[in-house]
Amino acid sequence: MPLVSMRQLLDEAAKGGYGVGAFNVNDMEQIQAIMAAAKETNSPVIIQASRGARSFAQDRFLFHLILAAAELYPEIPIAMHQDHGNSFETCKSAIDLGYTSVMMDGSLKEDGKTPASFEENVAVTKRVVDFAHERGVTVEGEIGVLGGVEDGHGAGGTGLEHVTDPDQAVEFAEKTGVDALAIAIGTSHGAYKFTKKPDGSVLKMDVLIAIHKRLPNTHLVMHGSSSVPKDLQDIINKYGGKLKETWGVPVEEIQLGIRNGVRKVNVDTDNRLAMTGAIRKVLWETPEKFDPRDYLKPAREAMQKVVAQRMTQFGQAGHAGDYKAVSIAEIAKGYKNGSLSTRPLVAAK
Ligand code: G3H
Ligand code: 13P
Ligand code: ZN
């Protein structure tokens, strides 16, 4: 199957009432792990690359690896997404390359650290929407600011400093016409999200539910959704690692989100933990080994296991064959003639 529009993939997820994992990639083994998991569970999938990933792997390497995935797995719908674009230029460069979806993270200024004003966020996101939709490309925006910092990106903090205001979410969706809306409900990027098991007082699920009530047809996105499982932490620490005790987002909270409009669930850290644990184990137990395949193969298998588990938990498993790809040119026509709406349905308070 050619790469599909993320809008199509999320519209289908909404029809089916399930969420879709968006998994970050930096290299071939991670792409292979995701595709093996998608085949194993018969799932549509979103593969996403951060700015850091694009520069680490080099743009064309990464993009062609994903095209290889689309060639090798014609039965799996794959959306290729720019994660946390920091400017119009970053999003444009992804679109020019052939990505079928971009995130314009205008919640932060271009430095990727300083919270932006609402007006700045609306202006840059709307500019990306106009450019992207003309070309049939999906846009995710963000309102509210997540916590944590990864690879220099992020405002820091606990994630509770800039929780999304539902009224602002409505205004933002109306003014920008985004296809998907990332909201801040107390999650943060990376392994160190919570110092105790989060409950309703830490994760603002009530805010998520309030936003979904006001914007019942808008595809919501949960960032920072790794669960940081204890068993993966333990493997790393058993084989020489030094992770401090930490908690991630419980899968049941994500499932509650999915029942309340969350359609895209971003996961990176859990896969990083799985791969690193597997590599550490091989190097620790068999220090005489030096063939990278001896540790990259178990690393790839460990990531496949986590991704397959998430695909099942998010509900996307079994849905790969539900639909055929609509071409990106057709999607562009849909935005132009209004059959793909960019005006959110807004419910009264
Ligand atoms: O949003 C963060 C993702 O986990 C990607 O992180 O910027 O370190 O590649 P990165
Ligand atoms: P985690 O760090 O929780 O995996 O979040 C990933 C993410 O939100 C990527 O945009
Ligand atoms: Zn994120």
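That block above? That's the structure.
Residues numbered from 1 in each chain as written. Chains lettered and ligands numbered in written order. Predicted model: local features only at pLDDT ≥ 70, side-chain atom pairs only at ≥ 80, totals over all residues. Heavy atoms only, no water.

Q: Hey, could you run me through the coordination of the zinc ion (ligand 3) in this one?
A: In ideal tetrahedral geometry, four donors around a metal make angles of 109.5 degrees, whereas ideal octahedral geometry with six donors gives angles of 90 or 180 degrees. In this structure, H84 (NE2), H189 (NE2) and H223 (ND1) serve as the protein donors to the zinc ion (ligand 3), at separations of 2.0 to 2.1 Å. Of note, the donors binding the zinc ion (ligand 3) are all from one chain and are spaced H-x104-H-x33-H. Note that H189 is positioned in the loop between β6 (180-183) and α8 (205-214) and H223 in the loop between β7 (219-222) and α9 (230-238), a separation of 34 residues in sequence. Exposure class is identical for H189 and H223. Each is buried. (Donors = N, O, S within 2.8 Å, 3.2 Å for Na, K, Ca; no water. Helix = DSSP H or I, 4+ residues; strand = E, 2+ residues; numbered from the N terminus. Buried < 20%, exposed > 50% of the residue type's maximum accessible area, 1.4 Å probe, protein only.)

Q: Sorry, what's going on with the environment of E110 here?
A: On the secondary structure map, E110 appears in the loop between β4 (101-104) and α6 (118-134). Since its relative accessible area comes to 52%, E110 is described here as exposed. Counting along the chain gives 117 residues from E110 to S227, while the straight-line C-alpha distance between them is 29 Å.

Q: How should the site of ligand 2 be read in this particular structure?
A: Taken together, 16 residues lie around ligand 2, and D83, K193, S226, D268 and T269 are the ones closest in. In this structure, an oxygen atom belonging to ligand 2 sits 3.2 Å away from a side-chain N or O atom of H84. For ligand 2, an oxygen atom lies 3.2 Å from a polar atom in the side chain of H223. In isolation ligand 2 has 310 Å² of accessible area, and contact with the protein removes 99% of it. (Near = heavy atom within 4 Å. Polar contact = N/O pair within 3.5 Å; in protein donor to acceptor, adjacent residues only side chain to side chain. Areas by Shrake-Rupley, 256 points an atom, 1.4 Å probe, with all protein chains shown as cover.)

Q: Is there a simple way to think about the packing of helix α10 (residues 251-258) against helix α12 (residues 292-314) in this case?
A: Two numbers describe a pair of packed helices, the interaxial angle and the distance between the axes. Contact geometry of α10 with α12 gives a least axis separation of 10 Å together with a crossing angle of 45 degrees. Classified by the interaxial angle, the pair formed by α10 and α12 is oblique. Taken together, the residues of α12 that come into contact with α10 (itself represented by V251, I254, Q255 and I258) are R310, Q313 and F314. Per-class residue counts for the contact of α10 with α12 are four nonpolar, two polar and one charged. (Axes fitted to C-alpha atoms, helices over the stretch in contact; angles between N-to-C directions. Parallel < 35°, antiparallel > 145°, perpendicular 65-115°, else oblique. Contact = heavy atoms within 4.5 Å. Nonpolar A, V, L, I, M, F, W, Y, C, P; charged D, E, K, R; others polar.)

Q: Is there a simple way to think about the side chain of S227 in this case?
A: Among the structural elements, S227 can be located in the loop between β7 and α9. We classify S227 as buried; its relative accessible area is 14%. Those residues within four positions of S227 in sequence are excluded, and the remaining contacts are G248, V249, P250, V251, I254, D270 and R310.

Q: What exactly am I supposed to notice about the packing of aromatic side chains here?
A: Each aromatic ring pair is summarised here by two numbers: the centre-to-centre distance and the angle between the ring planes. Applying the stated criterion across every chain yields a total of three aromatic pairs. A ring pair is formed by F63 and Y99, whose centres lie 6.0 Å apart and whose planes are at 15 degrees; its orientation type is stacked. Taken together, the residues F63 in helix α4 (residues 59-72) and Y99 in the loop between α5 (88-97) and β4 connect sequence positions 36 residues apart. Residue class for F63 comes out buried when judged on its relative accessible area of 7%. Among the residues examined, Y99 registers a relative accessible area of 1% and is labelled buried. (Phe/Tyr/Trp six-rings, centres within 6.5 Å; stacked < 30°, edge-to-face > 60°.)

Q: Just checking my understanding: could you explain helix α2 (residues 28-41) for this structure?
A: Counting along an α-helix, one turn takes 3.6 residues, and residues three or four places apart therefore face a common direction. Spanning 14 residues, α2 covers 20 Å between terminal C-alpha atoms, matching the ideal 20 Å at 1.5 Å per step. Among all positions in α2, only E29, Q30, I31, A33, I34, M35, A37, A38 and T41 are buried. The secondary structure elements touched by the buried residues of α2 are β1 (20-24), β2 (45-49), α4, β3 (78-85), α11 (269-285) and α12. Of the residues that open α2, the one with a side-chain oxygen 3.2 Å from the backbone nitrogen of E29 is D27. Immediately beyond the C-terminal end of α2, within one or two residues, lies N42, with a positive phi of roughly 60 degrees. (Expected span 1.5 Å × (residues − 1).)

Q: Just checking my understanding: could you explain the environment of Q304 for this structure?
A: Relative to the helices and strands, Q304 resides in helix α12. According to the relative accessible area criterion, Q304 is partly exposed, its value standing at 22%. Sequence-wise, Q304 and H189 are 115 residues apart; in three dimensions their C-alpha atoms are separated by 21 Å. Excluding residues within four positions of it along the chain, Q304 makes contact with A33, A36, A37 and E40. Polar side-chain contacts of Q304 include one of 2.8 Å to the side chain of E40.

Q: How should I be thinking about the sheet that holds β6 in this particular structure?
A: Note on sheets: strands pair through backbone hydrogen bonds, and any given pair is parallel or antiparallel. One closed barrel holds the eight strands; their spatial order is β1-β2-β3-β4-β5-β6-β7-β8, and the pairing between them is parallel. If you compare each strand with its neighbour and ignore which way they point, the axes differ by 25 degrees on average. For β3 and β4, the ladder comprises three bridges, and the chain directions are parallel. The partner of Q82 across the bridge, within β4, is V102. Sheet strands in contact with α5 are β3 and β4, and its direction is about 175 degrees off that of β4. (Pairing = 2+ DSSP bridges.)

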